[in-house]
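Structural features, examined
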Amino acid sequence: MKRVDMWIRAVGGTAVLALALGGTAGCGGSATTGDAAPGRSASTGTGAISGAAAATTTPAATTGGPSANASPVLADGRSAVYLTGLDTTRNTVTFDLIEFLTGDAAKAEWKKDHPENPDGPDNDYMIVNKNKMLRTLPVTADVQCVVLSTLGGTDTKTISFAALPAFLKQQNKGMTLTPPAIAVLPFWLTVQHGTVIRFEEQFLP
């Protein structure tokens, strides 16, 4: 896999990171509201892999459920994240919410900080982090985890949530991660009724 060169700037308190990889992104989406910077796994325990404890929010499964007026940890739908913790014993995932921008959305964000180069990022996408808040959600028992068979490739395979920590540990070998992220690549989480029902690893060339 190509070495990843990263560009980071702070704009009005917002950390913006563009991956200059000279290619196009794989499974994408124009944008999702986002959070902080990537990081690295710290340890593996009994069915757990984690880079840092969640800064805020705990899943409804461990708190007895949210109140009627409580905001959801993450809205239902598909959102881009950096994984920061997996607990396969309690069936929870902790993550840093990000924005994965492509096409016109990426160009618009790029031009805010690069008015002299309005064509946008070379690879036609940007990853934007707005804060460092970590969030935790429960994971459904039959969750689908779609991962890349090899780094740099586009072939995928589906594994169990129980197998995901070991898969990431193997995939991370020889790679440099910055805590608290535990995966080299971003993931997409699909949430339904406040529970994660699908993981998808994002291809980056």
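Throughout what follows, the structure given in this document is the object of discussion. Only a predicted model underlies this, so the values are computations on that prediction, with no experimental measurement involved.

Attention now moves to helix α2 (residues 103-113). Within α2, burial applies to Ala106, Glu109, Trp110 and Asp113. Projected down its long axis, α2 shows its buried positions confined to an angular sector of 100°, all on one face. In α2, those exposed residues whose orientation departs by more than 90 degrees from the buried face are Asp104 and Lys112.

Relative to strand β12 (residues 195-201), strand β9 (residues 134-148) runs parallel, the two being bridged by four bridges. Looking across to β12, one finds that Val146 is bridged to Glu200. Of the strand pairs in this sheet, strand β11 (residues 187-192) and β12 are connected by six bridges, and their pairing is antiparallel. Bridge pairing in β12 links Trp188 to Glu200. Joining the antiparallel neighbours β11 and β12 is a turn of two residues, in which His193 adopts a positive phi near 55°.

Let's shift gears to the packing of aromatic side chains. Summed over all chains, the structure comprises three aromatic pairs. Each member of the aromatic cluster is reached from another via a ring pair, and the members are Phe100, Tyr125 and Trp188. Directly above the ring of Trp188 sits Arg78, whose terminal nitrogen or CZ lies 4.3 Å from the centroid.

In terms of nonpolar packing, the biggest core is built from 25 residues, with Leu83, Val93, Leu164, Leu168, Val196 and Phe199 touching the most fellow members. Among the elements of the structure, β5 (77-87), β6 (92-97), β9, α3 (164-171), β11 and β12 are those that each provide at least two residues to this core. It is β9 that provides the largest number of residues to this core, a total of five residues. In contact with Leu168, not counting residues within four places along its chain, are Leu83, Leu86, Ile182, Ala183 and Phe187. In terms of nonpolar packing, the next biggest core, distinct from the first, is built from 13 residues, Ala80, Phe100, Tyr125 and Leu177 among them.

Residues Pro179 and Pro180 are joined by a peptide bond in cis, for which omega reads 15°. Among the structural elements, Pro180 can be located in the loop between α3 and β11. The residue Asn91 is not glycine, and still its phi comes out positive at about 60°. The backbone of His193 shows a phi angle near 55°, a positive value even though the residue is not glycine. Relative to the elements of secondary structure, His193 occurs in the loop between β11 and β12.

Under the criterion given, the structure shown has four salt bridges. A salt bridge links Glu99 to Lys130; the nearest nitrogen and oxygen atoms lie 3.5 Å apart. In this pair, Glu99 is assigned in strand β7 (residues 99-102) and Lys130 in the loop between β8 (125-129) and β9, connecting sequence segments 31 residues apart. In this structure, Glu109 and Lys112 form a salt bridge, with 3.3 Å as the shortest nitrogen-oxygen distance.

Moving on: α3. Turning to α3, its buried residues are Leu164, Pro165, Phe167, Leu168 and Gln171. The arc that holds every buried residue of α3, seen down its axis, measures 160°, which confines them to one face.

Note that Thr154 resides in the loop between β9 and β10 (156-159). Sequence separation between Thr154 and Phe203 is 49 residues, and the spatial gap between their C-alpha atoms is 6.5 Å. Excluding residues within four positions of it along the chain, Thr154 makes contact with Leu148 and Phe203.

Rules used in this analysis
- Residues numbered from 1 in each chain as written.
- Predicted model: local features only at pLDDT ≥ 70, side-chain atom pairs only at ≥ 80, totals over all residues.
- Heavy atoms only, no water.
- Buried < 20%, exposed > 50% of the residue type's maximum accessible area, 1.4 Å probe, protein only.
- Helix = DSSP H or I, 4+ residues; strand = E, 2+ residues; numbered from the N terminus.
- Arc of directions from axis to C-beta.
- Pairing = 2+ DSSP bridges.
- Phe/Tyr/Trp six-rings, centres within 6.5 Å; stacked < 30°, edge-to-face > 60°.
- Lys NZ or Arg CZ within 6 Å of the ring centre and 35° of its normal.
- Core = buried A, V, L, I, M, F, W, Y, C linked by side-chain atoms within 4.5 Å.
- Contact = heavy atoms within 4.5 Å.
- Salt bridge = Lys/Arg side-chain N within 4 Å of Asp/Glu carboxyl O.

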